[in-house]
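Chain by chain, the residues:
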Amino acid sequence: MAAPLLSLQDIHLTFGGTPLLAGADLMVQPGDRIALVGRNGTGKSTFLKIAAGLVEADKGERTLKSGVTWRYLDQDPHFEGFETIEAVIRDGLNEGDDDSLISQLLAELELDGGAAPVGLSGGEARRVAIARALAPQPEVLLLDEPTNHLDLPTINWLEGTLKARAG
């Protein structure tokens, strides 16, 4: 079996004396589609942040296969310091990434790339964050509550886009 793109092994994390995660594991292989389901407050977002390398576990190992590109869609994106929506999306690219998908995403998500990213509605901000996560066409895409604040047509668009992705 090929090495996984991303793996978490024996992840432990405690907040305030109460274990949030105790021995959690995750293995992501090419082509996998994985859903993390659970009640509010059970550590789903924290687990995704550990997978994204944004939070360090108390114990356990996170392994990302060398050269794998990944992106994380936060539940509550912030765009302070950016002058335009296009700048937010472009900031999600790494040096050398192809930026040709940006204009397509702006059009499909009905976003004005030249508009300021301040004062956006929840749905608009979510669409900007989705475009930023999708633009570099990552192999691993970690989506935390991706449909929050989205209308039905955008949810349908997102579903179709994710189904069509090779990652």
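Because the structure is a prediction, the values reported are computed rather than measured. (Residues numbered from 1 in each chain as written. Predicted model: local features only at pLDDT ≥ 70, side-chain atom pairs only at ≥ 80, totals over all residues. Heavy atoms only, no water.)

Colleague: Could you give an account of the packing of aromatic side chains, with specific residues and numbers?
Modeller: The full count for this structure, using the stated rule, is zero aromatic pairs. When the ring centre of W70 is taken as reference, the NZ or CZ atom of R62 above it lies at 5.9 Å. (Phe/Tyr/Trp six-rings, centres within 6.5 Å; stacked < 30°, edge-to-face > 60°. Lys NZ or Arg CZ within 6 Å of the ring centre and 35° of its normal.)

Colleague: For the environment of D25, give the residues involved together with the corresponding values.
Modeller: Positionally, D25 belongs in strand 2 (residues 18–28). Residue classification places D25 among the exposed residues on the basis of a relative accessible area of 54%. Residues D25 and Q9 lie 16 residues apart in sequence; the distance between their C-alpha atoms is 4.7 Å. What D25 contacts, discounting residues up to four positions off in sequence, is L8, Q9, D10 and F47. Side-chain polar atoms of D25 contact the backbone nitrogen of D10, separated by 2.6 Å. (Helix = DSSP H or I, 4+ residues; strand = E, 2+ residues; numbered from the N terminus. Buried < 20%, exposed > 50% of the residue type's maximum accessible area, 1.4 Å probe, protein only. Contact = heavy atoms within 4.5 Å. Polar contact = N/O pair within 3.5 Å; in protein donor to acceptor, adjacent residues only side chain to side chain.)

Colleague: Summarise the pairing of strand 2; cite the residues concerned and give the values.
Modeller: For strand 1 (residues 6–15) and strand 2, the ladder comprises eight bridges, and the chain directions are antiparallel. The partner of T14 across the bridge, within strand 2, is P19. Between strand 1 and strand 2, which follow one another and run antiparallel, lie two residues, and G16 among them has a positive phi close to 60 degrees. (Pairing = 2+ DSSP bridges.)

Colleague: Now, about helix 5 (residues 152–164): what can you tell me, with residues and values included?
Modeller: Helix length check: helix 5 (13 residues) gives 18 Å between terminal C-alpha atoms against 18 Å at 1.5 Å per residue, within 8%. Those residues of helix 5 that fall on the buried side of the exposure criterion are T154, W157, L158 and T161. Down the axis of helix 5, the sector holding all buried residues measures 100 degrees, keeping them to one side. Along helix 5, exposed side chains directed more than 90 degrees from the buried face belong to L152 and K163. (Expected span 1.5 Å × (residues − 1). Arc of directions from axis to C-beta.)

Colleague: Tell me what's going on with the sheet that holds strand 2, and back it up with residues and numbers.
Modeller: Strand pairing in a sheet takes place through backbone hydrogen bonds and is either antiparallel or parallel in direction. Pairing in this open sheet of three strands is antiparallel, and the strands run 2-1-3 from one edge to the other. The open sheet has two edge strands, strand 2 and strand 3 (59–64), and neither has a second partner. Pairwise comparison of adjacent strand axes, ignoring direction, gives a mean angle of 20 degrees for this sheet. The strands that helix 1 (residues 44–51) touches are strand 1, strand 2 and strand 3; relative to strand 1, the one it contacts most, it runs at about 130 degrees. (Axes fitted to C-alpha atoms, helices over the stretch in contact; angles between N-to-C directions.)

Colleague: Let's hear about unusual backbone geometry: which residues, and what values?
Modeller: Phi is positive for E110, close to 55 degrees, though the residue is something other than glycine. Residue position: E110 is located in the loop between helix 3 (101–108) and helix 4 (122–134). Here Q137, not a glycine, exhibits a phi torsion of approximately 50 degrees, which is positive. By the element assignment, Q137 lies in the loop between helix 4 and strand 5 (140–143).

Colleague: Which residues make up helix 1, and what values go with them?
Modeller: Within helix 1, six of the eight residues are buried, which leaves it mostly tucked inside the rest of the structure. Turning to helix 1, its buried residues are K44, T46, F47, L48, I50 and A51. Residues of helix 1 that are buried make contact with strand 1, strand 2, strand 3, strand 4 (70–73) and strand 5. The first or second residue beyond helix 1 is G53, which carries a positive phi of 80 degrees.

Colleague: Quick rundown of the packing of helix 4 against helix 5? Include the residues and the values.
Modeller: Close contact between helix 4 and helix 5 brings their axes to 12 Å; oriented N to C, the two are set at 10 degrees. Looking at the two axes, helix 4 sits roughly parallel to helix 5. Taking contact as the criterion, the partners of R127, I130 and L134 in helix 4 are, on helix 5, T154, W157, L158, T161 and L162. Taken together, the residues of the contact of helix 4 with helix 5 break down into five nonpolar, two polar and one charged. (Parallel < 35°, antiparallel > 145°, perpendicular 65-115°, else oblique. Nonpolar A, V, L, I, M, F, W, Y, C, P; charged D, E, K, R; others polar.)

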